[in-house]
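# Observations on the three-dimensional arrangement
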Amino acid sequence: MITGGRLAGQSGDWLAVSGGLISEIGTGDPPDGQRVDVAGALIVPGFIDTHCHGGGGGSFSGTDPEDLARAVAAHRRHGTTTMLASLVSDPVHTLVEQMAALTELAQDGLIAGIHLEGPFISKARCGAHDPAALREPETAVVDKLLSAGHGHVRMVTLAPELHGGVEAVRQLVESGVIAAIGHTDGVEEQILPAVDAGASVATHLFNGMRPLHHREPGPIGALLDDERITVELICDLVHVHPTVLRLAARHAGTGRTVLITDAMSATDAADGSYRLGKLDVDVTDGVATLAGNGSLAGSTLTMDAAFRNLVHGAKLSVADAVHATATRPAQLLGIDDRTGALRPGLAADLVVLDDDLRPVRVLRHGEWVEGVGRLRSTS
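Let us look at the structure shown here. (Residues numbered from 1 in each chain as written. Predicted model: local features only at pLDDT ≥ 70, side-chain atom pairs only at ≥ 80, totals over all residues. Heavy atoms only, no water.)

## Some points on the sheet that holds strand β6 (residues 42-45)
With mixed pairing, five strands are arranged side by side in an open sheet as β2-β6-β20-β21-β22. Of all the strands in the sheet, the pair left with one neighbour each is β2 (6-7) and β22 (367-368). In the sheet, β2 pairs with β6 via two bridges, with the strands oriented parallel. When the bridges of β6 are listed, L7 appears paired with I43. (Pairing = 2+ DSSP bridges. Helix = DSSP H or I, 4+ residues; strand = E, 2+ residues; numbered from the N terminus.)

## Some thoughts on helix α7 (residues 242-252)
Looking at α7, one finds that the buried residues are P242, L245, R246, A248, A249 and A252. Where α7 is buried, its residues contact α6 (218-224), β15 (230-234), β16 (257-260) and α8 (303-313). Trailing α7 by a residue or two, G253 shows a phi angle of about 80 degrees, which is positive. (Buried < 20%, exposed > 50% of the residue type's maximum accessible area, 1.4 Å probe, protein only. Contact = heavy atoms within 4.5 Å.)

## Some words on the pattern of salt bridges
Enumeration according to the criterion identifies 12 salt bridges in this entry. A salt bridge links D226 to R228; the nearest nitrogen and oxygen atoms lie 2.9 Å apart. According to the relative accessible area criterion, D226 is buried, its value standing at 10%. A salt bridge links E227 to R256, with the shortest nitrogen-to-oxygen separation between them at 3.7 Å. Highlighted residues: E227 in the loop between α6 and β15 and R256 in the loop between α7 and β16, separated in sequence by 29 residues. Take R256: its relative accessible area is 4%, and that puts it in the buried class. What you see here is one network of salt bridges that share partners, running through R125, D185 and R210. (Salt bridge = Lys/Arg side-chain N within 4 Å of Asp/Glu carboxyl O.)

## Digging into the side chain of N207
Looking at the element boundaries, N207 is found in the loop between β14 (201-202) and α6. Ignoring anything within four residues of it in the chain, the contact list for N207 reads I234, H239 and V240.

## Some remarks on the environment of D143
Following the sequence through the fold, D143 ends up in helix α3 (residues 139-148). According to the relative accessible area criterion, D143 is partly exposed, its value standing at 36%. Residues D143 and A168, 25 residues apart in the sequence, show an inter-C-alpha distance of 9.7 Å.

## Structural notes on the side chain of S59
Along the chain, the position of S59 falls in strand β9 (residues 58-59). A residue is classified by how much of its surface remains accessible, and S59, at 17% relative accessible area, is buried. Within the structure, the side chain of S59 is placed 3.1 Å from the backbone nitrogen of S61, a separation counted as a polar contact. With residues near it in sequence (within four places) discarded, S59 still touches H53, G54, L68 and S265. (Polar contact = N/O pair within 3.5 Å; in protein donor to acceptor, adjacent residues only side chain to side chain.)

The structure is reproduced here in structure tokens:
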């Protein structure tokens, strides 16, 4: 029983948990039982990160089970109760090996699935992806990767201007996989056919794509203005300026905006030298850049920081942040009947935030996550 809180999206002030689910929400005197008093703190749904490459020194591109679990734990301490594990571009045989390890993670319930960010992306906009690993999305190769995921591939990012790009979008959608457009140098006329074919996500809008121009809107204009597209935004205030974040989130609205971390292994870890796939990355003051050319290489963002940044940096509301970090990503993944809101019958996934919107406790499937904070427990 969690008492004395302000429940986001609900009028109650206490919440009961049973069997890993939210069993009841109410106002006034709660039923008897053990209680955790949150002393007026804000309670929000557990964060859902649909684009994350690692954390805590562990990378999802590795295959060591301890490293993979370490990455999940790092983000869980910051309130992420559901996440996809994202892979950067690698040779197909390497991706198959990585996916085998991630499939075990998914079967154990530690991740909600796999996101392939490549290898079907543009060399002109590859960012922190190894150019040597990139290739066109041939039907047989797409099939091989989907098969290697044993049903756990939930999203694939590709550049639709590549030969076979639009056909690959149809192939993914027909397989029940979210087709995302990203790392693309395509013009609007190359982007819209992919959307018509079923692409439904813009991978980290603005980053890794042809810039917006007033005479050629490119992928940014086409995707942001299309009601069929959910836009990912890296809300670290480094990848995208706060004003641009606000403009994009307001235009897309709560029904199409999702905050992501695009976090790499240095997240929740010290500055220093790291690897992202096969590339060397330097992390200084929490900003990750490629050692070779200084390009941004993912982030060291956590979802609680993204939540705060949307409110304090981009000046949007707490309700907007809840939608972008829980409600909309749950809908996107088709799991809103299980999580993504504070509602009886859904998983007891929640984050207790202090006045500065920093986590003091995290509950996942009805169990408190270790290493977050301490609150008073009474009976």
